[in-house]
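Reading the structure
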Amino acid sequence: MNWKLLSILLAGALCLCGAAVGTQPNLDEADDRPQKQGRALEVQSCKSVIAIGGWSPSEGGTAPTAPVESAPSNCFTTPYADEASQIGTDEEFVCEFDDGTTLPIEGTEEQMLQLRALLNSGELVSAQSSVEVSSVGGSEQDEELIPSLPEEFGSTIPDVVTLPAGAVKVVDKREEAETRRLATNMYEGVKKVLVVKVRDSEGLAVPEGANFISNKFFGTNGDRVTMTSGFRDCSFGRMLISNDYGDAIDEDLLSAPGVVEVRINIKLRESTQSQIRNKVAVAVQQKLSVALPGPFDHVVFVLAECFPVGTDCRFEAYAFVNYWLSVFVRDNYKFPAVQMHEIGHNLNLAHSGGLDGGTYSDHTCLMGNPLWEDNLGKNFQMNRSGGWYANRHIAWYRSGTIGGTSWSGRLVGVAEYNRNPADHPIVLKLETGKAADWFVGFNRAVGANAHNVEADNHVTIYKVTAGEGAQYSQSFLKGKLRKGQCLVVTNWRKTGHDLVITAHDINTAVTPGYANLGITFGPPTPLPTKQPTRKPTRAPSPAPMTDEPSPQPNSPTSSPVVSTSSPSKSPTAGPTPSPSANPSSSPSKSPSKSCVNDPSWTYITKKGKTKLCDPWVQRKPSRRCNKINDAGVSSFDACPAYCNPACL
């Protein structure tokens, strides 16, 4: 269960738990309805806009496509800026009214693309932000179908909310969002879940009884693999699913622990999903005497069928993002990986795409395409944004943009997070200087992560499209490496240099299993010359050269001719003094502003303690990069690769 190495650390798209591929059809239907005649309203805003994340087993039904193989043969390449892999998310949206009623939002294709882009960039926060809407479309129907709507709707029961022409305008960030049920501590503690079995006016409902449904969600009758066990194991006991509501409701009204049955007076085959959702919500509220979500953190609707009435019946299951509601169709509620995928959307996690660029074709994690069977492929990566795993288990690599930097170290798998006495990181974050960061992890297939179907015991590399892995954002699997393989990310940070990630060693014969990685960026930085040359290359002549010979030789004499004069100045005894054997001081380990990472660099604190820049500065760079010791040495100068903004 590799919870997307994050949200690759909680809240982001990074992944819920490993996945297999199913064969059910995708019920996505083209909109061939006649345009509804709606009432034009003055431009107003919804209470909030809620994104819908869904799941269909036919998405990503083929084997993922591997990155391009390149020389050397055990390496693969993928581009740093792959624009094609950052588009095409598939969220739908509803407008939430003050009474909790929700209606689908319609707009042009361009407007829907803009809504998705705003959501994935963090400018629009599901269930918190609002947008301007201009009209409501509907038809004459039973006025009890959607109760408590604004008076201006009159007798026209609305089907959709329409966006005004032009660009989508986010009008409200909802500063009071902390009052929403899931806005605080949604990832930890006891989470109360209510499951609703729905029967329509024709008696159409899933055939299984309430006790069977309770067992599938909560394990009340001995089922050992459920979303209850999955969240407990994935979070190491920090998130616990419960059907114990205390005195909040009369539990005699439940048909089984955690399960209530309601009947609605409309037909599933003739109703849109928004009509069904609103009707079921009213029925639950009337039966239990609570206003949803009431005492519940998550509420699950189980429907017998989904009919293509309108345009909102394309998923086998779906959930409201950053909200409390999820909906399961037919028998898809039975599969714990699908349950966790949808609750993951409630937890503000986005989809994870695969190597083929599909929206959720990543089969290494549950926020991709999960196991479509009664088992749990556990790869629910909730470690990017923090929450379940301590920050000390996150490492950072800041490559800079000039090249010559590197990183080496050991990663262990999420499943052995609690068997890691040396505190090796479980996630390596590759900083890009922008919101679209990359993450590296070790997909150890053991324990809570034992049922993967892709990349078992591989090094896995992910990229988020926005948010630095700390918010809702689509992510993509970019590579998976066995021992000795490498991934070359070309033109890293658009610098013209490549970044190379190499799995030097993978060892699963020990506990915890580990992967030893090496990362290099660009050509290495040249080292300074060790020392100057000790002596001149050639000594000067011992005496000056003679003048050119005279045209004729002198007559021989009986004895050598004695020079009549001597040179005006004697030659110096030798060359000027040689340079000292060594410079006055050794050169520094690297230029003061260098981004070269030297693992031996240290900083001496005011208390005289010697700290390795890695990991002392890396753990808290914002606090530790401006310290100055008693000798006047700053941590900025001692640890430039981790503190110099030019290196980030």
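Quick caveat, the model's predicted, so the values are computed rather than measured.

What the chain contains, in helices and strands, is 9 helices and 27 strands. When each of the 648 residues of the chain is scored for burial, the buried share is 53%. Of the roughly 28,900 Å² of accessible surface on the chain, a fraction of 50% belongs to carbon and sulfur atoms.

Let's shift gears to helix α2 (residues 210-218). With 7 of 9 residues buried, α2 is to be regarded as a mostly interior element. All of the buried residues along α2 are Ala210, Ile213, Ser214, Asn215, Lys216, Phe217 and Phe218. Here the buried face of α2 lies against β10 (189-199), α3 (227-234), β11 (239-242), β12 (259-263), β13 (298-303) and α5 (336-346). Of the residues one or two after α2, Gly219 is the one with positive phi, at around 70 degrees.

This brings us to the state of the cysteines. Simply put, disulfide is the name for a covalent bond between the sulfur atoms of two cysteines. Taken as a whole and judged by the stated rule, the model has 2 disulfides. One disulfide in the model links Cys46 with Cys95; its S-S distance is 2.0 Å. On the sign convention where negative means left-handed, the S-S torsion of about -120 degrees between Cys46 and Cys95 marks this disulfide as left-handed. In this pair, Cys46 is assigned in the loop between β1 (38-45) and β2 (48-55) and Cys95 in strand β5 (residues 92-96), connecting sequence segments 49 residues apart. Put simply, Cys75 and Cys486 are joined by a disulfide, and their sulfur atoms are 1.5 Å apart. Disulfide Cys75-Cys486: torsion about the S-S bond near 105 degrees, hence right-handed. Here Cys75 is found in strand β4 (residues 75-79), whereas its partner Cys486 is found in strand β23 (residues 486-490), with 411 residues between them in sequence. Residue classification places Cys486 among the buried positions, given a relative accessible area of 5%.

Of all 8 residues making up α3, 6 are buried, and the element is well covered by its neighbours. Listed in full, the buried residues belonging to α3 are Met227, Thr228, Ser229, Gly230, Phe231 and Cys234. Contact partners of the buried residues in α3: β10, α2, β11 and α5. Of the residues that open α3, the one with a side-chain oxygen 3.1 Å from the backbone nitrogen of Thr228 is Thr226. Two residues or fewer past α3, Phe236 is found with a positive phi of approximately 55 degrees.

This part takes up the nonpolar core. Membership of the largest hydrophobic core comes to 35 residues, with the highest contact counts inside it found for Leu194, Val196, Val280 and Phe296. Counting only elements with at least two residues in this core, the list comes to β2, β10, β12, α4 (273-288), β13, β14 (317-320) and β15 (325-329). Those residues in contact with Val280 that sit more than four places away from it in its chain are Val196, Val198, Val262, Ile264 and Phe301. Ranked by size, the runner-up nonpolar core spans 30 residues in total, among them Phe231, Val302, Ala304 and Ala317.

Scoring rules and cut-offs
- Residues numbered from 1 in each chain as written.
- Predicted model: local features only at pLDDT ≥ 70, side-chain atom pairs only at ≥ 80, totals over all residues.
- Heavy atoms only, no water.
- Helix = DSSP H or I, 4+ residues; strand = E, 2+ residues; numbered from the N terminus.
- Buried < 20%, exposed > 50% of the residue type's maximum accessible area, 1.4 Å probe, protein only.
- Areas by Shrake-Rupley, 256 points an atom, 1.4 Å probe, with all protein chains shown as cover.
- Contact = heavy atoms within 4.5 Å.
- Disulfide = S-S within 2.5 Å.
- Polar contact = N/O pair within 3.5 Å; in protein donor to acceptor, adjacent residues only side chain to side chain.
- Core = buried A, V, L, I, M, F, W, Y, C linked by side-chain atoms within 4.5 Å.

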